[in-house]
Amino acid sequence: MAPAVKNKSPLTPVLIIPGFMSSALTVEKSPHKSWNGKRIWLNISQIGFQSLRIGGALRENEKFRASQQNNPKGNKSGESSDALHQQYMKEVECKSRWVQHMCLRDDMKSEKDGIEVRPVPGCAGVDYLSSGALTESFTYVFGPVLVLLKSKGYKEGINLDAAPYDWRLSPDMLQKRDKYFTNTMQTITHLYRQSNNTPVIILCHSMGCKTGHFLFNFVRFHLGEDDGQKWLDKYIHSYVPIGAPHIGAPKSVRAVIDGDKMGLDAFLDDDEGLMFGRSLGSSPWLFPLENTLATPISPSVPPSVLRLESSIVLTIPTQTIPMKGFVYRREVMPSKVRLAIHLAKDFVVRTEFYPLSRGKSPTLMLKEEVWCVALPPTIEESLKLYPNICVHLEELGTGKPRKKRRGIYHCDIFWPCRFAFCMMKWILCLPCAIVLKILRLLARGADRGIEVTAGAVGSSRAIGKSRKVNWGKGLIASNKTASSDGGESGGVGSELRFQILPTDREGQGFFFEIPSSQQCVLKVTWRPPPSMKERKPFDKVTHKRTTIHKYYPATPGELLVAEGLNNAVNLLRDSYAADPVDPRGLSSWYPPPIKKVVAIYGINLPTEVSGIYQRKQSVKLSYSTSKDLCVRQLIVLDKDAKLNGLDGYTIESGIIRETKGKAKKSGDGTVPYWSLQHCRTWQGEGVKKCDVKVYEIEGAEHRAILNEAKFHKILLEVIGCV
């Protein structure tokens, strides 16, 4: 290799600020001593590398154990079921600890008791998330850039450094907990002095661009406008954002609402991905700004679209149902029973299974359960879709349950007839009676096997049904009593009483008395849709099968309210809107107080620009103590939505992506083009009348651009090493 050519003038110092999930994190304090000092982001072994290698076998074994009710014979691989189960439980515990360390508290600001996770300092925290020959190739961040700069004579700590940060935190918490911005100012001062008083280039990527932009305004707030501006003029050479989501990226909203495993699909399940995404205080920093439509290149699709829907809340109060009439003459008593609420033929809401009390008069004790069911916007449209409700009592199993045979010892009005038939059968055709007895025993064994299998896979059958009840009449009447708008304000419920009849109506006792019905109570409350009076529906999106649904643009805050994420709503208000440095306004939309900006980003890749959301068809609002309320999901992507008349856009499973068109550019695969190019609006504007230069690299992906030869060539030109 030819020796590097020495520059006559000192190299312009460079400070790197990485993006979202791009700073390595380590455990400084943990309740589990073995975790202290370990690198947790990204440490694949800590989130179940073994489950990636033999996870299929472990999951198969768990299903086998469940279906066989912990049968110790083992699985197909020959290893004992217990041995694989213990290995599975160890990996589940390891992964749950990883999630425990990485997730913040419900306030989205602080860590859990006894846990301290901090960024790895310096360039070591931004080169590769997971070091090693096998992992560096797919966990690189600024590693290729550091190699490039060091080959040109840069030395770490002299004219090259990095400012990793805990990317889980909001900007105010970065300063409050870690003193990040004041420490970064000291790092910049150090580079300046070590480089013969040469101003520093701030090289940022992804969310690191918003962090750098915030830093500039923080200096003016921290030192005062005049002194802060003098500091910036002295120490900052230029601001170089790479793949910057200046005014947000819609993908960040989806991560909070619908969950995002951040590429860790092999390790995290859906609930873990959702729980992790909803604990991050930095997510709102990446939300699209509400004035996005005012950009020079206005997007044709709003960053978030919500289907307008109302809902009903179904409450099953605590109650006791006598079950004697439903299980009379059963050969085997059902161990547990549940209640099923039928709103339509293919739409059923089911409670948990509850055990039956034993004795001559068994009873079913139902505990309170609450469900939320999505409906069309008005009561009238809802009643057209779901006019009636009926309830069933269900037990595990298929077909008809086996009953005790009526023997001659059963005393009822047909006793003489049964006695005579039994004697004739055994006297006149003994061989036939024996064969019939054997066949019945075989059929009974087959039925028993079917029952066990059906119970393992969760199949159920009805042992009691009610008649259909028009749920809307009482609801509308109750609402009209409470309001004068025809019941459209919602909030008032009605109580429905169902008479459940046994599906087996065979009589019992000497005179074959028909079992009586039992009463079940259900409370129904209607909730109106959010008000959209001041905005027009987005008619470019419609439903695939019906015309009753309308779609409206929605802000991230409105989605958070609809999802019930009050902690995120409070964070937006207290940590973002109330911050004097204004991370979602002054430090995003408006020009930075820097004289030179050089933006570099990739273009013309399919890029997510919007999510179409709807209420989940049914959601259980009440949980047992074993469930984590954090993963309850009310809003999901609308997979039944379609686009109409929008060239250059595609839709898949409720996600709209922009694509390259004849006269239209698209983003870098993560950040939409309208957000990447927003820096163009800064030209000649702001405190320093920004001089903005933009480099667009065809086909460069959001993260892969850091390892792109074209980018490296541009970077060397920008820092003056060509």
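See the structure shown above.
Report follows, based on the coordinates. (Residues numbered from 1 in each chain as written. Predicted model: local features only at pLDDT ≥ 70, side-chain atom pairs only at ≥ 80, totals over all residues. Heavy atoms only, no water.)

## Regarding the pairing of strand 7 (residues 236-242)
Step number 1: Burial analysis of strand 7 places 6 of its 7 residues in the buried class, which makes it a mostly covered element.
Step number 2: Relative to strand 7, strand 6 (residues 200-205) runs parallel, the two being bridged by 6 bridges. Note that in strand 7 the partner of His205 across the bridge is Ile242.
Step number 3: Summarising the sheet, strand 7 and strand 22 (residues 596-603) pair through 2 bridges and their orientation is parallel. When the sheet's bridge partners are listed, Tyr239 is paired in strand 22 with Val597. (Buried < 20%, exposed > 50% of the residue type's maximum accessible area, 1.4 Å probe, protein only. Helix = DSSP H or I, 4+ residues; strand = E, 2+ residues; numbered from the N terminus. Pairing = 2+ DSSP bridges.)

## Remarks on the side chain of Gln229
Step number 1: If you trace the backbone, Gln229 turns up in helix 8 (residues 225-235).
Step number 2: Judged by its relative accessible area of 9%, Gln229 is buried.
Step number 3: Beyond its immediate sequence surroundings of up to four residues, Gln229 is in contact with Arg220, Gly224, Pro593, Val687 and Lys688. (Contact = heavy atoms within 4.5 Å.)

## Some words on the sheet that holds strand 29 (residues 691-698)
Step number 1: One open sheet holds the 6 strands; their spatial order is 5-1-6-7-22-29, and the pairing between them is parallel. Where the open sheet ends on each side, the last strands, each with one partner, are strand 5 (160-162) and strand 29. Neighbour to neighbour, the strand axes of the sheet diverge by 15 degrees on average, direction disregarded.
Step number 2: Contacting strand 1 (14-17), strand 6 and strand 7, helix 7 (residues 207-223) crosses the sheet at an angle of about 140 degrees to strand 6. (Axes fitted to C-alpha atoms, helices over the stretch in contact; angles between N-to-C directions.)

## Focus on the packing of aromatic side chains
Step number 1: If you walk through the whole model with that rule in mind, you get 15 aromatic pairs.
Step number 2: Ring geometry for Phe347 against Tyr386: centres 5.4 Å apart, planes inclined by 55 degrees, an arrangement best described as tilted. Residue Phe347 is located in strand 12 (residues 347-350), and its partner Tyr386 is located in the loop between helix 11 (379-385) and strand 16 (390-396); the two are separated by 39 residues in the primary sequence. Of the two residues, Phe347 and Tyr386, neither departs from the other in class, the shared state being buried. (Phe/Tyr/Trp six-rings, centres within 6.5 Å; stacked < 30°, edge-to-face > 60°.)

## A look at helix 15 (residues 556-563)
Step number 1: Buried within helix 15 we find Pro556, Leu559, Leu560 and Glu563. An end-on view of helix 15 places all buried positions within 100 degrees of arc, on one side of the element.
Step number 2: Of the surrounding elements, those touching the buried residues of helix 15 are helix 9 (251-257), strand 8 (304-307), helix 16 (566-577), strand 23 (607-615) and strand 25 (635-637).
Step number 3: Just downstream of helix 15 lies Gly564, where phi reads positive at about 80 degrees. (Arc of directions from axis to C-beta.)

## What about the environment of Leu571?
Step number 1: Of note, Leu571 is situated in helix 16.
Step number 2: For Leu571, a relative accessible area of 2% puts it in the buried group.
Step number 3: A sequence separation of 290 residues divides Leu571 from Gly281, and the C-alpha atoms of the two residues are 7.5 Å apart.

## Some remarks on the packing of helix 5 (residues 171-178) against helix 6 (residues 180-194)
Step number 1: Packing of helix 5 against helix 6 brings their axes to within 6 Å, and their N-to-C directions diverge by 75 degrees. By the angle between their axes, helix 5 is roughly perpendicular relative to helix 6. Across the interface between the two elements, Pro171, Leu174, Gln175 and Asp178 of helix 5 pack against Tyr180, Phe181, Thr182 and Asn183 of helix 6.
Step number 2: Along the lines of polarity and charge, the residues of the contact of helix 5 with helix 6 split into 4 nonpolar, 3 polar and 1 charged. (Parallel < 35°, antiparallel > 145°, perpendicular 65-115°, else oblique. Nonpolar A, V, L, I, M, F, W, Y, C, P; charged D, E, K, R; others polar.)

## Focus: the packing of helix 4 (residues 143-151) against helix 18 (residues 709-719)
Step number 1: The contact between helix 4 and helix 18 brings their axes to 11 Å, and the two run at 50 degrees. Judged by the angle between their axes, helix 4 and helix 18 are oblique. You can see that helix 4 and helix 18 cross each other, and the crossing is right-handed. Side by side, helix 4 and helix 18 meet where Pro144, Val145, Leu148 and Leu149 of the first sit next to Phe711, His712, Leu715, Leu716 and Ile719 of the second.
Step number 2: Grouping the constituent residues of the contact of helix 4 with helix 18 by class yields 8 nonpolar, 1 polar and no charged. (Left-handed = near helix turned anticlockwise from the far one by under 90°.)

## Details of the sheet that holds strand 4 (residues 116-119)
By definition, the strands of a sheet pair up through backbone hydrogen bonds, in either a parallel or an antiparallel sense.
Step number 1: Strands sit in the order 3-2-4 across an open sheet of 3 strands; the sheet is antiparallel. Taken across any chain shown, the strands that pair with only one partner, and hence form the sheet edges, are strand 3 (39-41) and strand 4. Adjacent strand axes in the sheet meet at a mean angle of 45 degrees when their direction is disregarded.
Step number 2: The pairing of strand 2 (residues 25-29) with strand 3 spans 2 bridges and is antiparallel. Considered in strand 3, the bridge of Leu25 is made with Trp41.

## Let's talk about the environment of Trp471
Step number 1: Tracing the backbone through its elements, the reader meets Trp471 in helix 14 (residues 471-482).
Step number 2: Given a relative accessible area of 0%, Trp471 falls into the buried group.
Step number 3: Separated by 83 residues in the primary sequence, Trp471 and Asn388 place their C-alpha atoms 5.9 Å from one another.
Step number 4: Apart from the residues within four sequence positions on either side, Trp471 is in contact with Ile312, Leu375, Ser382, Leu383, Tyr386, Pro387, Asn388, Ile389, Ser494, Leu496 and Val524.
Step number 5: Of note is the side chain of Trp471, whose polar atom sits 2.6 Å from the backbone oxygen of Tyr386. (Polar contact = N/O pair within 3.5 Å; in protein donor to acceptor, adjacent residues only side chain to side chain.)

## A closer look at helix 18
Step number 1: Along helix 18, the residues that are buried comprise Phe711, His712, Ile714, Leu715, Leu716, Val718 and Ile719.
Step number 2: Of the surrounding secondary structure, the elements contacted by the buried residues of helix 18 are strand 1, helix 4, strand 6, strand 7, strand 22 and strand 29.
Step number 3: After helix 18 finishes, the residue Gly720 shows a positive phi value of roughly 85 degrees.

## Section: unusual backbone geometry
Step number 1: The linkage connecting Trp41 with the following residue, Leu42, adopts the cis geometry, with an omega of 0 degrees.
Step number 2: Note on placement: Leu42 falls in the loop between strand 3 and helix 1 (49-67).
Step number 3: With a phi angle near 55 degrees, Lys179 is a residue other than glycine that sits in the positive phi range.
Step number 4: Relative to the helices and strands, Lys179 resides in the loop between helix 5 and helix 6.

## A short note on the pairing of strand 1
Regular strands place side chains that alternate from one sheet face to the opposite one.
Step number 1: Of the two faces of strand 1, the one carrying Val14 and Ile16 and the one carrying Leu15 and Ile17 are both buried.
Step number 2: Taken together, the 4 bridges between strand 1 and strand 6 define a ladder with parallel strand orientation. Within the sheet, the bridge partner assigned to Ile16 lies in strand 6 and is Leu203.
Step number 3: The pairing of strand 1 with strand 5 spans 3 bridges and is parallel. In the strand pairing of strand 5, Ile16 is matched with Ala162.

## Quick look at the pattern of salt bridges
Step number 1: Evaluation of the coordinates by the stated rule reveals 27 salt bridges.
Step number 2: With a closest N to O distance of 3.0 Å, Asp638 and Arg307 form a salt bridge. Of this pair, Asp638 sits in the loop between strand 25 and strand 26 (641-643) while Arg307 sits in strand 8, and the two are 331 residues apart along the sequence.
Step number 3: One network of salt bridges, with partners in common, ties together Glu111, Arg118, Asp166, Arg168, Arg177 and Asp178. (Salt bridge = Lys/Arg side-chain N within 4 Å of Asp/Glu carboxyl O.)

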